Amino acid sequence: MATTTDAGLGERDTTGSPRSRLLGIATLIAVAILGVLAFALTEPDVRIHPETGEEFGQFDAVRMLYVHVPLVIVTYLSYGICAVASIGVLVKRTPWWDVTAHTAAEIGTIFCGLVLVTGSIWGRPVWNTWWEWGDVRLMTTLVLFLMFTGYLALRRITEDPRRQARRAAVVALVAVLDIPLVNRSVEWWENRTLHQRSTLGELKIEDLTLFTLFFGFVTAGLVLAWLFLHRFRVGWLERAAIDHGVAAAIVERQSETSDAEVRRSVGEQPEGPEEGLVP
Amino acid sequence: MTHVGYLVAGWGIVVGVLTAYAVRLARRGRALSCLVPKPRRRWLEDRGVDGS
């Protein structure tokens, strides 16, 4: 394993640290255990109709929910962090809050996109449709995804970093207002959604299925933590690289100027571009 | 097992996308770390971001 030296450059130029590596190992182990739980240990959702005696249910498609539902939770969590950090941007106006907000928004949008894709793939065998435009929860989730896609686009087009941070923070705070609509849509618009009401709150699922689902939450949380840590450090490095580049350019420019002044003082012609500047 | 194709597609997309994103982050971090002196990378210090 590479080690850190006083020079700092060259031997360990990564965003990793000993603890983040431990986190990464724990995350990989959790993903492997989740896979075993989801595909080998839990049973498919098969029920018997009391009158006809026919089998019905989600069958093995239920295994998709062990990744879909945890992704929903970490999407909410990411956007929640983004909202808190956006308030921090508007109040404190420090780069730390801005990098945090940007990090949470980017990761949340990836999770949100995966929620839409996995939900669509799950819906095809269970609901017999890939997508339903009249479904309130699907549409509010799509709106959430599009608003944060706009947030990320906004972060690329504004030049002034301070103005960019403030505008993005306002957009994020407006966008997160959609989260309660997504979450409560199955109760507020019960007849306009294919989604069922929450089964977790009433604990209508049991034993290993419930455990696997909660283990999925833990695993998704670990994935979020690892991605967040490294994306934050990348964002921090991007700012530091710009600052360092500007500082280095200023120092270089000052040394060039000093050199030209010394040459002039001893009666020599300055070299390079400075010659053209001498009247 | 039923719906194998759907399960492979769904889980495969999730694992694939998140792995690709993680690799991209690691590469981007590696590239940027070369441009920034060590004192600006707080996680390499004893009082770093994660306290390592």
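Keep in mind it's a predicted model, so treat the numbers as computed, not measured.

Calculation rules
- Residues numbered from 1 in each chain as written.
- Chains lettered and ligands numbered in written order.
- Predicted model: local features only at pLDDT ≥ 70, side-chain atom pairs only at ≥ 80, totals over all residues.
- Helix = DSSP H or I, 4+ residues; strand = E, 2+ residues; numbered from the N terminus.
- Buried ≥ 20, exposed ≤ 12 C-beta atoms within 10 Å, placed from the backbone.
- Contact = placed C-beta atoms within 7 Å.
- Pairing = 2+ DSSP bridges.
- Nonpolar A, V, L, I, M, F, W, Y, C, P; charged D, E, K, R; others polar.
- pLDDT = per-residue confidence, 0-100.
- Core = buried A, V, L, I, M, F, W, Y, C linked by C-beta atoms within 7 Å.
- Expected span 1.5 Å × (residues − 1).
- Axes fitted to C-alpha atoms, helices over the stretch in contact; angles between N-to-C directions.
- Parallel < 35°, antiparallel > 145°, perpendicular 65-115°, else oblique.
- Left-handed = near helix turned anticlockwise from the far one by under 90°.

Caption draft 1: Structural detail: the overall build of chain A. In terms of helices and strands, chain A carries eight helices and two strands. Shown N-terminal to C-terminal, the secondary structure of chain A runs as helices and strands in the order α-β-β-α-α-α-α-α-α-α. Sorting the 279 residues of chain A into buried and exposed places 34% on the buried side. Within chain A, counting contacts between residues at least 6 apart in sequence, those at least 24 apart form 71% of the total.

Caption draft 2: Focus on the overall build of chain B. When its secondary structure is counted, chain B shows one helix and zero strands. By residue count, 27% of the 52 residues in chain B fall in the buried class.

Caption draft 3: Region of interest: the pairing of strand β1 (residues 45–48) of chain A. All names here are of chain A. Looking at chain direction, β1 and strand β2 (residues 55–59) are connected through three bridges and run antiparallel. Looking at β2, one finds that I48 is bridged to E55. Counted between consecutive antiparallel strands, the loop separating β1 from β2 contains six residues, among which G53 sits at a positive phi close to 80°.

Caption draft 4: Looking closely at the interface of chain B and chain A. With 32 residues of chain B at the contact, the number on the chain A side is 35 residues. Classifying every residue of the side of chain B that touches chain A gives 20 nonpolar, seven polar and five charged.

Caption draft 5: Representation of the confidence of the model for chain B in the model. Residue and element names in this part refer to chain B. Overall, the prediction assigns chain B a mean pLDDT of 83, with 77% of residues at 70 or greater. Under a pLDDT of 50 for its full length, residues 46–52 has, in the predicted model, 13 contacts with residues more than four places off or in other chains. Across the interface, the model reports ipTM at 0.83; the global pTM reads 0.84.

Caption draft 6: Molecular detail of the environment of G123 of chain A. Residue and element names in this part refer to chain A. Looking at where G123 falls in the secondary structure, it is placed in helix α3 (residues 95–127). For G123, a count of 22 C-beta atoms within 10 Å translates into the label buried. Between the C-alpha atoms of G123 and G134, which are 11 residues apart in sequence, the distance is 14 Å. The residues touching G123, leaving out its near neighbours within four places in the chain, are T129 and W130.

Caption draft 7: Up close: the nonpolar core. Counting residues in each nonpolar core, the largest one holds 62 residues, and the members touching the most others are M64, L71, C82, A101 and A172 of chain A. Looking at this core, the elements that each hand over two or more residues are α1 (18–41), α2 (65–92), α3, α4 (136–157), α5 (161–175) and α7 (207–265) of chain A together with α1 (4–33) of chain B.

Caption draft 8: Structural view of α2 of chain A. Between its first and last C-alpha atoms α2 of chain A spans 40 Å; for 28 residues at 1.5 Å apiece the expected length is 40 Å, and the two agree. Immediately beyond the C-terminal end of α2 of chain A, within one or two residues, lies R93 of chain A, with a positive phi of roughly 60°.

Caption draft 9: Fine view of α3 of chain A. With 33 residues, α3 of chain A should reach 48 Å at 1.5 Å per residue; the first-to-last C-alpha distance of 46 Å fits that figure. Just downstream of α3 of chain A lies N128 of chain A, where phi reads positive at about 65°.

Caption draft 10: Geometry of the confidence of the model for chain A. All names here are of chain A. With 85% of its residues at a pLDDT of 70 or more, chain A has an overall mean of 86. For chain A, per-element mean pLDDT is lowest for helix α8 (residues 274–277), which scores 44, and highest for α2, which scores 97. Segment residues 1–11: pLDDT under 50, and 13 contacts once partners within four positions in sequence are set aside and those in other chains are kept. In this model residues 273–279 is a low-confidence stretch, pLDDT under 50, and it forms four contacts with partners more than four residues away in sequence or in other chains.

Caption draft 11: Spatial organisation of the packing of α3 of chain A against α5 of chain A. Residues and elements named next belong to chain A. Where α3 contacts α5, the axes come no closer than 11 Å and their chain directions differ by 45°. Considering their axes alone, α3 and α5 lie oblique with respect to each other. For the crossing formed where α3 meets α5, the hand is left-handed. Between α3 and α5, the residues in contact are D98, A101 and A105 and A165, A168, A169 and A172, respectively. Looking at the contact of α3 with α5, its residues break down into six nonpolar, no polar and one charged.

Caption draft 12: Structural context of the environment of R197 of chain A. Residue and element names in this part refer to chain A. One can find R197 in the loop between α6 (178–188) and α7. Put simply, R197 and D13 are 184 residues apart on the chain and 48 Å apart in space, counted from C-alpha to C-alpha. Setting aside residues up to four positions removed in sequence, R197 forms contacts with V186 and E187.

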